[in-house]
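What follows is each chain in one-letter form.
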Amino acid sequence: MSIRIFVPSDTTARSLGADQIATLIQAEALSRGIDITLVRNGSRGLLWLEPLIEIETDNGRLGFGPVTSNDVQTLFEQNFYLGQTQHTLCVGLVEQIPYLKNQQRLTFSRAGITDPLSLDDYLEHDGYTGLDNALIMTGQQIVDEVKTSGLRGRGGAAFPTGIKWQTVLDTPDEQKYIVCNADEGDSGTFADRLVMECDPFMLIEGMTIAGLAVGATQGYIYLRSEYPIAHQILTKATETAYQHGYLGSNIRGSQKHFNLEVRLGAGAYICGEETSLLDSLEGKRGLVRAKPPLPAIVGLFGKPTVVNNVLSLAAIPYILNKGGQAYADYGVGRSRGTMPIQLTGNVKYGGLVELAFGISLNKLMNDFGGGTRSGRPLKAVQVGGPLGAYLPENQWDTIIDYEAFSSEQAVLGHGGVVMFDDSVDMGDQARFAMEFCKVESCGKCTPCRIGSTRGVEVIDRIRAGERTESNWQLLEDLCETMVDGSLCAMGSMTPIPVQSVMKFFPDELRHERQE
Amino acid sequence: MKTPGQWQMKNVREIIQQLKEKPGALLPVLHAIQQYIGHIPDNVVPVIADEMLLTRAEVHGVISFYAHFHNHPTGQNIVEICRGEACQSVGCRQLEKHAKNTLNIDYQQTTDCGSITLEPVYCLGNCATGPSIRINDDIHGRVTPERFDELMENCRQHLQEAG
Ligand SMILES: Cc1cc2nc3c(=O)[nH]c(=O)nc-3n(C[C@H](O)[C@H](O)[C@H](O)COP(=O)(O)O)c2cc1C
Ligand code: SF4
Ligand code: FES
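What counts as what
Residues numbered from 1 in each chain as written. Chains lettered and ligands numbered in written order. Predicted model: local features only at pLDDT ≥ 70, side-chain atom pairs only at ≥ 80, totals over all residues. Heavy atoms only, no water. Near = heavy atom within 4 Å. 1 Å grid on protein atoms, 1.4 Å probe; cavity = no way out; pocket = protein on both sides within 12 Å on 5 of 7 lines; lining within 4 Å. Sits in = over half its atoms within 2 Å of the grid points. Nonpolar A, V, L, I, M, F, W, Y, C, P; charged D, E, K, R; others polar. Points joined across faces, edges and corners; volume = space filled by probe spheres on them. Helix = DSSP H or I, 4+ residues; strand = E, 2+ residues; numbered from the N terminus. Domains from an automatic or database assignment. UniProt positions renumbered as here; feature names shortened; annotations may be inferred. Contact = heavy atoms within 4.5 Å. Buried < 20%, exposed > 50% of the residue type's maximum accessible area, 1.4 Å probe, protein only.

A.B. asks: Honestly, the site of ligand 2 in this entry has me stumped. Any pointers?
C.D. replies: Residue and element names in this part refer to chain A. Every one of the 13 residues lining ligand 2 counts as a neighbour, but Cys442, Lys444, Cys445, Cys448 and Cys488 are closest to it. Among the detected pockets, ligand 2 sits in the largest cavity. Partitioning the shell around ligand 2 into residue classes produces eight nonpolar, four polar and one charged.

Written out as structure tokens, the structure is:
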């Protein structure tokens, strides 16, 4: 019988040589006359172990990682393909690895297990059961299920998804749209990418259910151009779904229709903001629109539109399969369900950790992350992307919960955790926050467009020791102006990382680090 | 990697005609043209405007808004270095300096031999295994200065093979 060997095909595995390893494994097996079936699976999200090669055995899948192309020869010499475990890279049965075993995977339950492009795999692993249920429900029933789940948008603003859908359902129109925000611009985040690269049918299913719920027959996935592999995989998966009647007209013989197209962005962070994204989808510069009207009422091409993050839509198949209550049973307070946390930056065991809300940041960074990659002391953590606060040590016991983060003047955002060791210069980080806003501002309003430029200048003066106290005061005022006077969160949240540095690391901002 | 070659305006027109009926077609059109030519030359702007019933200013405005679109020829390989915070925490600032020094160019510039154009990028979604760079459609993780040099050497060799 042919031996199944799995080599992940996601961006991270490939960025560390997975394609070359796959080729070498094929060649080595051929020259040794060993009958193997090579499967390009998704990633388990244990990214420090990538490329993580797995062998199917009677007891489950056995893992080897991180493999380099130099290891392929010795892996064969030590009969890894027969399930022999003596190779130094053997990590045992993959599902027994504590990092994975201790997670609560609802959204990422299939990631790494299946071949992302195999519809059969998807169906065998509970795929499309949510859609089957949705096809015999009314739109209102679907929306109610989503409300019961307590799901809040995972793109950053944490707005209740069910309420957004209700608005679109209640706004009558011939044409409505479902737009998936796959712009994932925040540094330190890759959960959307993993969904798209490891389980694309789940996203397609989630969007189809959203279409049924609100009465929309056209969907767009707005994907950032920085994700070429996600683009390839999504495009192929969409074609497959059309071929098998899961997209298009008369879905599964239901007389219901849903069309889906993948559109590429073009390298603008602001296009992750939903109204700027809609302008971009309409073929324009990505300028932010004033709200109201809400996109739910006047959205894409002026029509009622659901704009949801990838993770929000990817949670929908589970909710429609197991019921909203099953999802709501996880979590704390008003943060229901699970949050896929992304451990990144200077971290020993970086990767995706999906857990119910409520775990502390410290536990994530230490029990899962294993501390810093450099082995030096951890100094600061930026959570929630470039507009998120830098948290000093005394805030590391904050729990993963939207409200807990806001009470610390921090944001959970899309769940990216970026760890920094003590070699970081926090003054540099504050400056970068302003510089980033200067580069990425859409330019529509003054506090953001001009404020960020002035912000960089003032920080430079403070660091050069020029009239430090009055410039410090000026920076405080500038931050306030940006918070109060900006049209969107780009301008109003850029001060968050800056103010966190002013508050918790003032000395490093005052004095340029001498080395 | 791009294959350098001649392009023809009639093919550009054809690309536009194939895509222009899509709702909000301008970005797909620009992507397709850049894919075909390697950049979006100034003299195709009036053609796009004409075919799509837009003003030149509108088309130009869109091209200039997005970092991904180039209105001038780039090198054979586009090398993007991630500047995101997660990559900063593992040394991308040093990598950035090393790249500029060894290639002897700044961002948005092309090496004399024409093999490499250097660009900044803000996050490649490879943040657990940085520093990350992208060479055309390939992403590379944990890039040390030595690894960077090797990868650049590959880019140059490809150019020589291509003549
Ligand atoms: C500057 C800025 C950038 C944003 N970037 C993203 C992004 O990359 N992905 C995303 O899903 N939401 C992003 N958002 C949030 C969106 O505006 C919007 O809240 C989200 O798409 C709604 O979906 P959700 O309710 O499912 O989270 C961004 C917001 C701002 C202000
Ligand atoms: S705050 Fe900045 S990004 Fe947002 S609308 Fe104003 S200028 Fe544009
Ligand atoms: S910050 Fe560099 S890949 Fe995300």
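That covers the picture; the talk isn't over yet.
A.B. asks: Just checking my understanding: could you explain empty space enclosed by the protein for this structure?
C.D. replies: Over the atoms, a rolled probe matching the size of one water molecule traces out where space is still vacant. Scanning all chains against the criterion turns up two cavities of 30 Å³ or more. Of the pockets and cavities examined, the largest cavity occupies roughly 80 Å³. Around the largest cavity, the lining comprises 13 residues; the ones closest to its centre are Val288(A), Cys442(A), Cys445(A), Cys448(A) and Cys488(A). A class-by-class count of the residues in the lining of the largest cavity yields eight nonpolar, four polar and one charged. Estimates place the volume of the second largest cavity at around 30 Å³. Considering the residues around the second largest cavity, the lining is formed by Tyr222(A), Arg263(A), Leu264(A), Ser280(A), Leu281(A), Gly24(B), Leu27(B) and Pro28(B). Every element with two or more residues in the lining of the second largest cavity is listed here: strand S8 (259-264) and helix H12 (274-281) of chain A together with helix H2 (26-37) of chain B.

A.B. asks: What is the right way to look at the domain arrangement of chain A in this model?
C.D. replies: Many structure descriptions define interface size as the accessible area lost when the parts assemble. The domain boundaries assigned to chain A delineate domain 1 (3-102), domain 2 (119-329), domain 3 (331-421) and domain 4 (426-510). A separation of 47 Å is found between the C-alpha centroids of domain 1 of chain A and domain 4 of chain A.

A.B. asks: What is the right way to read the UniProt feature "binding site: [2Fe-2S] cluster" (unreviewed entry) in chain B from this model?
C.D. replies: Listed under "binding site: [2Fe-2S] cluster" (unreviewed entry) in the UniProt record, and renumbered for this structure, are Cys82(B), Cys87(B), Cys123(B) and Cys127(B). Spatial clustering of the annotated residues is evident: they stretch over 46 residues in sequence, but the largest pairwise C-alpha distance comes to 9.4 Å. Structurally, the position occupied by Cys87(B) is in helix H5 (residues 85-88). Residues contacting Cys87(B), with those up to four places away along its chain left out, are Cys82(B), Cys92(B), Gly130(B), Pro131(B) and Ser132(B). Along the polypeptide, Cys123(B) turns up in the loop between strand S3 (116-121) and strand S4 (133-135). By relative accessible area, which is 1% here, Cys123(B) ends up buried. Once residues within four sequence positions are removed from consideration, Cys123(B) is found in contact with Gly185(A), Asp186(A), Ser187(A), Gly188(A), Thr189(A), Arg224(A), Glu226(A), Cys82(B) and Gly84(B).

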